[in-house]
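Listed below, chain by chain, are the residues.
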Amino acid sequence: MEYNLMEQYWLWLSAVPGMSPRRFYALLNACGDARALWDDPSCARDVVDEKFCASLQVARSERFFYDVFARLEKAGIAALPMISDRYPARLRSIVDAPPTLYVRGNPDLSDERMFAIVGTRAPSYDGKKAAKEFAQVLAQNGVTIVSGLARGVDTCAHTGCLEGGGRTVAVLGSGVNQLYPPENEPLARRIIEEGGSIVSEMQPDDGPQRWSFPARNRIISGLTPGVLVVEGRKTSGALITAEDALDQSRDVFAIPGSIYSPLAEGPNRLIQSGAYPALSPWDILESQRWGARPAANGRRKAEPEMSDDEKRIYKCIQNEPLSFEEIANLTKFSTPELNSHLTMLILRGIIVKMPGNCYRVS
């Protein structure tokens, strides 16, 4: 990617070790622009400490300057400085926008239809299913899904979007050369191969930090007009993303859940505070004027074909998951009989086995 002269100085300043968004903007306010700081670094003395001034002096060399661009080119990374027309307009509008974004994959982060999906790293079966299905339907309607590539809901959202034939953007809490968690590297490669983007404000080779995950949440919400919270405890990082979205005047949706489920506490509290309840992906699509809900045809979903014995089991777990022992008590089947019926129902995709030896309708 080519950069004009002012963009080059901007990217040089972004790469100075120890730089942060607050420090970056303080230096611009004091010195005027990045080139002026290169020409006269003494203007930084009133806004940063001596340690950073020393770091700035070390970085003020032609070798450091050109190494910044050599590393980007070698790794195939696009840098988007805020002063560039390529920088996403939605993100530029937030108060603490990243001075520079680093992107692997598609550098275009300005899709008209974008929506964020976030949630806990340890979702329930329903949470995984909801994240995947919402992302899939949104993707089928031309929506780019933004999430954080974390375990759990984020992974399901990215996967559901790809299965829906859509494009997805993963915003990292580490540099784009240091994917975290490492088990999601195959997913990251698939995201890039299918036209998506891996994005971070951190330097490409920086590893994850404790502070970097809450910080990246403002980017997830800032890139989009709205955020969906699937599941999360009241202390979940997903709630930080929701708070960032509200501060940025974005729409916040949440999937309601049982008042007895700790994972539903975050979404339920958000709804209580004014977030929109999301009962289907069409609630989001209609609110954003991206699509109209298909008209109901009045037909009930056909019940799968089952024997009378299988129907007895199916009806037991139709409303809530039950353990093997609970199903046995209700149906009066012997252990071998129940094992046989459950196995056949699972193989046919009618029910699923959950952690804790529980069973529920698929």
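To be clear, the structure that these remarks concern was listed above.
Anyway, here's the lowdown on the structure attached to this text. What you are looking at is a predicted structure, and each value in this text was computed from that prediction instead of being measured. (Residues numbered from 1 in each chain as written. Predicted model: local features only at pLDDT ≥ 70, side-chain atom pairs only at ≥ 80, totals over all residues. Heavy atoms only, no water.)

Topic: the overall build of the protein chain
Working step 1: The secondary structure content of the protein chain amounts to 16 helices and 12 strands.
Working step 2: Going through the 362 residues of the protein chain one by one, you find that 50% of them count as buried.
Working step 3: Separation of charge centres in the protein chain, based on 41 positive and 44 negative side chains, amounts to 3 Å. (Helix = DSSP H or I, 4+ residues; strand = E, 2+ residues; numbered from the N terminus. Buried < 20%, exposed > 50% of the residue type's maximum accessible area, 1.4 Å probe, protein only. Lys, Arg positive; Asp, Glu negative; His and termini not counted. Charge placed at Lys NZ, Arg CZ, Asp CG, Glu CD.)

Digging into the sheet that holds strand β9 (residues 276–277)
Paired through backbone hydrogen bonds, the strands of a sheet run either parallel or antiparallel to each other.
Working step 1: Strand order in this open sheet of nine strands is β1-β2-β6-β5-β4-β3-β7-β8-β9, and the pairing throughout is mixed. The sheet terminates laterally at β1 (78–81) and β9, the two strands that pair on one side only.
Working step 2: Taken together, the three bridges between strand β5 (residues 168–171) and strand β6 (residues 197–200) define a ladder with parallel strand orientation. Its bridge partner lying in β6, V171 is registered against V199.
Working step 3: Along the sheet face, helix α9 (residues 185–193) touches β2 (100–105), β5 and β6 and points at about 115° away from the line of β6. (Pairing = 2+ DSSP bridges. Contact = heavy atoms within 4.5 Å. Axes fitted to C-alpha atoms, helices over the stretch in contact; angles between N-to-C directions.)

A word on the pairing of β5
Look at any regular strand and the pattern is simple: side chains alternate between the two faces of the sheet.
Working step 1: Neither face of β5 is exposed, since T168 and A170 on one face and V169 and V171 on the opposite face are all buried.
Working step 2: Sheet topology note: the strand β4 (residues 144–147)/β5 ladder contains three bridges and is parallel. In the strand pairing of β5, I145 is matched with T168.
Working step 3: Between the parallel elements β5 and β6, the chain passes through α9 in a crossover that is right-handed. (Right-handed = clockwise from strand over helix to strand, strands pointing away.)

Here's the deal with the state of the cysteines
Disulfides are covalent bonds that link the sulfur atoms of two cysteine residues.
Working step 1: For the structure shown, the criterion picks out one disulfide.
Working step 2: Sulfur-sulfur distance for the disulfide between C31 and C43 comes to 1.9 Å. Disulfide C31-C43: torsion about the S-S bond near 110°, hence right-handed. Linking C31 in helix α2 (residues 21–31) with C43 in the loop between α3 (34–39) and α4 (50–59), this pair joins segments that are 12 residues apart in sequence. (Disulfide = S-S within 2.5 Å.)

So, the pattern of salt bridges
Working step 1: Taken as a whole, this structure holds 12 salt bridges when the rule is applied.
Working step 2: Here the salt bridges share partners, and the residues they tie into one network are D96, E201 and R218. (Salt bridge = Lys/Arg side-chain N within 4 Å of Asp/Glu carboxyl O.)

Describing empty space enclosed by the protein
Working step 1: For the structure on display, the rule yields one cavity of 30 Å³ or more.
Working step 2: Put simply, the largest cavity is a space of about 40 Å³.
Working step 3: Taken together, L172, G173, S200, E201, M202, W211, S212, R216 and I219 make up the full set of residues lining the largest cavity.
Working step 4: Broken down by element, the lining of the largest cavity gets its largest block of residues, three residues, from helix α10 (residues 212–222).
Working step 5: Class assignment of the residues belonging to the lining of the largest cavity gives a composition of four nonpolar, three polar and two charged. (1 Å grid on protein atoms, 1.4 Å probe; cavity = no way out; pocket = protein on both sides within 12 Å on 5 of 7 lines; lining within 4 Å. Points joined across faces, edges and corners; volume = space filled by probe spheres on them. Nonpolar A, V, L, I, M, F, W, Y, C, P; charged D, E, K, R; others polar.)

Focus on the packing of aromatic side chains
Working step 1: Under the definition given, this model contains 13 aromatic pairs.
Working step 2: Relative to F24, the ring of W10 has its centre 4.8 Å away and its plane inclined at 55°; by these criteria the two rings are tilted. You can see W10 sitting in helix α1 (residues 5–14) and its partner F24 sitting in helix α2, a full 14 residues away along the chain.
Working step 3: Here W10 falls in the buried class, since its relative accessible area comes to 8%.
Working step 4: Look at F24 and you get buried, because its relative accessible area is 0%.
Working step 5: With 5.5 Å between their ring centres and 50° between their planes, F65 and F69 make a pair best called tilted. Of this pair, F65 and F69 both sit in helix α5 (residues 62–75), separated by four residues, roughly a single helical turn.
Working step 6: A residue is classified by how much of its surface remains accessible, and F65, at 6% relative accessible area, is buried.
Working step 7: We classify F69 as buried; its relative accessible area is 16%.
Working step 8: An aromatic cluster is built from Y3, Y9, W12, W38, F65, Y66 and F69, whose rings are joined through pairwise contacts.
Working step 9: The ring of W38 carries the charged tip of R60 above its face, separated from the ring centre by 5.6 Å. (Phe/Tyr/Trp six-rings, centres within 6.5 Å; stacked < 30°, edge-to-face > 60°. Lys NZ or Arg CZ within 6 Å of the ring centre and 35° of its normal.)

Details of unusual backbone geometry
Working step 1: Here Y180 and P181 are connected by a cis peptide whose omega angle stands at 0°.
Working step 2: Positionally, P181 belongs in the loop between β5 and α9.
Working step 3: Not every positive phi belongs to a glycine, and S249 is a case in point at roughly 60°.
Working step 4: Classification of S249 as exposed rests on a relative accessible area of 65%.

Description of the environment of S236
Working step 1: Relative to the assigned elements, S236 resides in the loop between β7 (226–229) and α11 (237–247).
Working step 2: Look at S236 and you get buried, because its relative accessible area is 13%.
Working step 3: Each C-alpha atom, one on S236 and one on G266, is 7.4 Å from the other, the two residues being 30 residues apart in sequence.
Working step 4: At a separation of 3.1 Å, a polar atom in the side chain of S236 contacts the main-chain amide nitrogen of A238. (Polar contact = N/O pair within 3.5 Å; in protein donor to acceptor, adjacent residues only side chain to side chain.)

Structural notes on the nonpolar core
Working step 1: If you look at the biggest cluster of nonpolar residues, it comprises 69 residues, and the most contacted ones within it are W12 and L13.
Working step 2: With near-sequence residues (within four places) excluded, L13 lies in contact with M19, F24, L27, L28, A34, L37 and L56.
Working step 3: F134, I145, A157 and W290 belong to the second-largest nonpolar core, a separate cluster that totals 23 residues. (Core = buried A, V, L, I, M, F, W, Y, C linked by side-chain atoms within 4.5 Å.)

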